Amino acid sequence: MKLETARKLIPVAAALAAVFTLASLITQNSSASVSLYCAVLGLVFVAAMVALVFGGLKCPWCGKSLVRGGMKITRCPHCRRDLQSGLKTKKK
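Structure report, in brief. (Residues numbered from 1 in each chain as written. Predicted model: local features only at pLDDT ≥ 70, side-chain atom pairs only at ≥ 80, totals over all residues. Heavy atoms only, no water.)

### Side note on a nonpolar patch on the surface
(1) Moving on: The grouping of V46, V50, F54 and V67 at the surface amounts to a nonpolar patch, some 310 Å² of accessible area in total.
(2) Moving on: Relative to the helices and strands, V50 is located in helix α2 (residues 32-56). (Patch = residues over 30% accessible without salt bridge, like charges linked within 9 Å, V, L, I, M, F, W, Y side chains within 5 Å. Areas by Shrake-Rupley, 256 points an atom, 1.4 Å probe, with all protein chains shown as cover. Salt bridge = Lys/Arg side-chain N within 4 Å of Asp/Glu carboxyl O. Helix = DSSP H or I, 4+ residues; strand = E, 2+ residues; numbered from the N terminus.)

Right under this line is the structure:
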């Protein structure tokens, strides 16, 4: 999976997990089956978000993980390449 795709899908999965978890809490007293389905969907989206973070946030050039700060950084801390262009940056 491409880095930009993972960066776009992680907030969507987090929002859907929050929506389904809140729906599970709201519908808890009225219908047990709907509440259970919403809770399970919330957990599925949390699992999808974790899989996206650990599987999708990788440097396209060296392949190493960018979990720490992967949503904001612009260069890989391992190979020091720009994540968009692939050009090496100088040490500071």
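Read on for the rest.
### Some words on the side chain of T27
(1) Moving on: Along the polypeptide, T27 turns up in the loop between α1 (3-26) and α2.
(2) Moving on: Using a relative accessible area of 19% as the deciding quantity, one classes T27 as buried.
(3) Moving on: Within the local environment of T27, its side chain forms a polar contact with the backbone oxygen of A23, the two atoms lying 2.8 Å apart.
(4) Moving on: Every residue in contact with T27, bar those within four places of it in the chain, is listed here: V34 and S35. (Buried < 20%, exposed > 50% of the residue type's maximum accessible area, 1.4 Å probe, protein only. Polar contact = N/O pair within 3.5 Å; in protein donor to acceptor, adjacent residues only side chain to side chain. Contact = heavy atoms within 4.5 Å.)

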